[in-house]
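Listed below are the residues making up each chain.
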Amino acid sequence: MRFQRVAVWVCVVILAGLATGNGFATATDDDAGGFAAADAQILSEIREHSEAMQNLEYLSDNIGARLTGSPQLNRANEWTADEMKKYGLVNVDLEPWTIAHSWTRGTASARIVSPAEHPLTIASAGWSPSTAGTVRGPVVYFDAKTKAEFEKFRGKLKGAIVRRE
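A. Representation of the layout of surface pockets in the model. There is about 1,300 Å³ of room inside the largest pocket. Along its surface, the largest pocket is lined by 33 residues, and Ser109, Ala110, Ile122, Val135 and Ile161 are the ones closest to its centre. For the lining of the largest pocket, the per-class residue count stands at 15 nonpolar, 14 polar and four charged. One number sums up the size of the second largest pocket: a volume of about 170 Å³. Together, Gly69, Asn74, Asn77, Glu78, Leu94, Glu95, Trp97, Thr98 and Ile99 line the second largest pocket.

B. Expanded view of helix α4 (residues 71-86). When the terminal C-alpha atoms of α4 are compared, their 23 Å separation across 16 residues agrees well with the 22 Å that a helix rising 1.5 Å per residue should span. For α4, the set of buried residues is Leu73, Ala76, Trp79, Ala81 and Glu83. In this structure, the buried side of α4 is in contact with α3 (52-63). Directly beyond the C-terminal end of α4, a positive phi value near 100° is found at glycine 88.

C. Expanded view of the pattern of salt bridges. According to the stated counting rule, one finds four salt bridges in the structure shown. Lysine 86 is paired through a salt bridge with glutamate 83; the nearest N and O atoms lie 3.3 Å apart. Highlighted residues: lysine 86 and glutamate 83, both in helix α4, separated by three residues, approximately one helical turn. Given the relative accessible area of 11%, glutamate 83 is considered buried. Ionic pairing is found between glutamate 117 and arginine 111, a salt bridge with its closest N-O pair at 3.1 Å. Classification of arginine 111 as partly exposed rests on a relative accessible area of 48%.

D. Broad picture of α3. Relative to the 16 Å expected for twelve residues at 1.5 Å per residue, α3 spans 16 Å between its end C-alpha atoms, a close match to the ideal helical length. If you check which residues of α3 are buried, you get Asn55, Leu59 and Ile63. Buried residues of α3, viewed axially, fall in a sector of 35°; they line one side. Turned more than 90 degrees away from the buried face of α3 sit Met53, Gln54 and Asp61, all of them exposed. One or two steps after α3, the chain reaches glycine 64, where phi turns positive at roughly 85°.

E. Highlighting the packing of α3 against α4. Taken N-terminus to C-terminus, the directions of α3 and α4 make an angle of 150°; their axes are 11 Å apart at the nearest point. Relative to α4, the element α3 is oriented roughly antiparallel. With respect to the hand of their crossing, α3 and α4 are arranged in right-handed fashion. Across from Asn55, Tyr58, Leu59, Asn62 and Ile63 in α3, the residues of α4 making contact are Gln72, Arg75, Ala76, Trp79, Thr80 and Glu83. Grouping the amino acids of the contact of α3 with α4 by side-chain chemistry returns five nonpolar, four polar and two charged.

What counts and how
- Residues numbered from 1 in each chain as written.
- Predicted model: local features only at pLDDT ≥ 70, side-chain atom pairs only at ≥ 80, totals over all residues.
- Heavy atoms only, no water.
- 1 Å grid on protein atoms, 1.4 Å probe; cavity = no way out; pocket = protein on both sides within 12 Å on 5 of 7 lines; lining within 4 Å.
- Points joined across faces, edges and corners; volume = space filled by probe spheres on them.
- Nonpolar A, V, L, I, M, F, W, Y, C, P; charged D, E, K, R; others polar.
- Helix = DSSP H or I, 4+ residues; strand = E, 2+ residues; numbered from the N terminus.
- Expected span 1.5 Å × (residues − 1).
- Buried < 20%, exposed > 50% of the residue type's maximum accessible area, 1.4 Å probe, protein only.
- Contact = heavy atoms within 4.5 Å.
- Salt bridge = Lys/Arg side-chain N within 4 Å of Asp/Glu carboxyl O.
- Arc of directions from axis to C-beta.
- Axes fitted to C-alpha atoms, helices over the stretch in contact; angles between N-to-C directions.
- Parallel < 35°, antiparallel > 145°, perpendicular 65-115°, else oblique.
- Left-handed = near helix turned anticlockwise from the far one by under 90°.

Take it as geometry only, folks, not as evidence of what the structure does.
Written as structure tokens, this is what we have:
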């Protein structure tokens, strides 16, 4: 019981000290003004001298997609390290690493050949395997969203070219 009274009194003293500011470190107007000035300087630097969009555009337009292990990723890493050094950073290092098999998107083309010929726009998903030459098969529209809808297609997609939206 005595411990609880002492604990209550300690809490009261701490709360009283916080309320009055006596005996506790508090920020002075000078400190707050210093922080406000530093904040304003940082925001001004961002508004007036930011290179974020230029850097993003360069990475996206000049270097392009940067899949793990790709030559573009290595190029982007080196470019970024050079930029950081230009900005004045001194401990800029590229850590060495290896990946057993990298993946690079190659060319892809498709067309419907019957009953009338129509070109198709396609793209391979990242890390998907290549085909062994030309692929032919029936085109099947696949729009399953539930497990029951997936079951309708069981055993019907082998050898098919699946179209999904």
